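# Structure at a glance
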Amino acid sequence: MLKIILPAGLVVYGMYLVVVSFLSKDRESKLIELKTQNSKTILPVRLQAGERLCLLLERLSPNNLVRRVNDQSYSSRELHRLLLHEIREEFNHNLAQQVYFSDETWESVRNAVEGIVAMVNRAMQEVEPDGKGVELAKRIFQYSLEQKNDGISFALKKVKAEIRVYF
C-alpha cells in the first residue's frame, strides 16, 4: 500500500507545485499587462497635469501676474484685490492636478502660491491704499527681485523633475 501511496503523493505534490507556479506567473503577467494599459492611459493625463501646473506657476509669477492684471487707472487697493482674486482663481482652477503629483511636489506648488500672496500683501502694506496701482506694482517687482529663494522656481523644478521620471 505504501508503494502505491508514496509515489502517488509525490506526483500530486509535484503537480501542485507546477499549478501554483503556473498560476503565479499568469497573475504576474496579467498584472504587468494591467500596469501597461494604465500607463498608456495615465501618462498623457499626468503630462497634461504637469503642463497645467507649470502654466499655473508661470502665470502667477509676479512679473506675469502684475502685467496681466495691472491697469493704469487702478488704485493700489483695487489692484491688490484683483491680484489676490486672480491668484485664488488660478489656484482653485488647478487644484485637481494634485492627484497626479507627490505630496512633496504639491506642497511646493502650494507654498509658492502662498508666497506670492504674502508678497502681494506685504507690498500692499507699504503703499497708500488710495494711491496709484503702479506704486503697488513697483513694490511687488522690487520684492520679486530681492527674493533669494524663489518659491515659483523651486516648485517648477519639482514639477519638472517629477515629470522627467516618466521618460
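So, a few notes on the structure that sits alongside this text. (Residues numbered from 1 in each chain as written. Predicted model: local features only at pLDDT ≥ 70, side-chain atom pairs only at ≥ 80, totals over all residues. Heavy atoms only, no water.)

### Quick look at the overall build of the chain
Scanning the chain from terminus to terminus reveals six helices and zero strands. Seen in sequence order, the chain has helices and strands lined up from the N terminus as α-α-α-α-α-α. Relative to a compact globule of 167 residues, whose C-alpha radius of gyration would be 15 Å, the chain shows 29 Å and is clearly more extended. With the principal axes as the frame, the chain shows a C-alpha extent of 105 × 25 × 25 Å. Counting across all 167 residues of the chain, residues that qualify as buried make up 29%. Pairs at least 24 apart in sequence give 76% of the contacts found in the chain among residues at least 6 apart. About 11500 Å² of surface is accessible on the chain, with carbon and sulfur atoms providing 58% of the total. (Helix = DSSP H or I, 4+ residues; strand = E, 2+ residues; numbered from the N terminus. Rg over C-alpha atoms; globule rule 2.2 N^0.38 Å. Buried < 20%, exposed > 50% of the residue type's maximum accessible area, 1.4 Å probe, protein only. Contact = heavy atoms within 4.5 Å. Areas by Shrake-Rupley, 256 points an atom, 1.4 Å probe, with all protein chains shown as cover.)

### Here's the deal with the side chain of S108
With respect to the element layout, S108 can be found in helix 4 (residues 103–125). For S108, the side chain forms a polar contact with the main-chain oxygen of T105, separated by 2.6 Å. Once you skip the residues sitting within four places of it in the chain, S108 turns out to touch F154, A155 and K158. (Polar contact = N/O pair within 3.5 Å; in protein donor to acceptor, adjacent residues only side chain to side chain.)

### A word on helix 3 (residues 76–93)
Because each turn of an α-helix spans 3.6 residues, side chains separated by three or four positions in sequence point in the same direction. Helix length check: helix 3 (18 residues) gives 25 Å between terminal C-alpha atoms against 26 Å at 1.5 Å per residue, within 8%. On its buried face, helix 3 sits against helix 1 (2–60), helix 2 (62–69), helix 4 and helix 5 (133–146). (Expected span 1.5 Å × (residues − 1).)

### Notes on the nonpolar core
Formed by 34 residues in total, the largest nonpolar core has its most connected members in L83, V109, L136 and I140. Counting only elements with at least two residues in this core, the list comes to helix 1, helix 2, helix 3, helix 4, helix 5 and helix 6 (151–164). Considering each element in turn, this core owes the most residues, nine residues, to helix 4. For V109, the residues in contact, after removing those within four places along its chain, are L53, L56, L57, A155 and V159. (Core = buried A, V, L, I, M, F, W, Y, C linked by side-chain atoms within 4.5 Å.)

### Some details on the pattern of salt bridges
Evaluated as defined, the whole model comprises 10 salt bridges. R110 is the partner of E114 in a salt bridge, and the nearest nitrogen-oxygen pair spans 2.8 Å. Note that E114 and R110 are positioned in helix 4 at a spacing of four residues, about one turn of the helix. Overall, the relative accessible area of 42% leaves E114 in the partly exposed class. Connected through shared salt-bridge partners, R59, R68, E86 and E90 make up one network. (Salt bridge = Lys/Arg side-chain N within 4 Å of Asp/Glu carboxyl O.)

### Regarding the packing of helix 1 against helix 3
Running from amino to carboxyl end, helix 1 crosses helix 3 at an angle of 175 degrees, the nearest separation of the two axes being 10 Å. Comparing their axes, helix 3 and helix 1 come out roughly antiparallel. Residue-level inspection shows R52, L56, R59 and L60 of helix 1 in contact with helix 3, the latter providing E86, I87, E90, F91 and H93. Tallied by class, the residues present in the contact of helix 1 with helix 3 amount to four nonpolar, one polar and four charged. (Axes fitted to C-alpha atoms, helices over the stretch in contact; angles between N-to-C directions. Parallel < 35°, antiparallel > 145°, perpendicular 65-115°, else oblique. Nonpolar A, V, L, I, M, F, W, Y, C, P; charged D, E, K, R; others polar.)

### What to know about the packing of helix 3 against helix 4
Close contact between helix 3 and helix 4 brings their axes to 10 Å; oriented N to C, the two are set at 175 degrees. Viewed along their axes, helix 3 and helix 4 adopt a mutual orientation that is roughly antiparallel. Residue-level inspection shows S76, R77, H80, L83, L84, I87 and F91 of helix 3 in contact with helix 4, the latter providing W106, R110, V113, I116, V117, V120, N121 and M124. Residues belonging to the contact of helix 3 with helix 4 are distributed by class as follows: 10 nonpolar, three polar and two charged.

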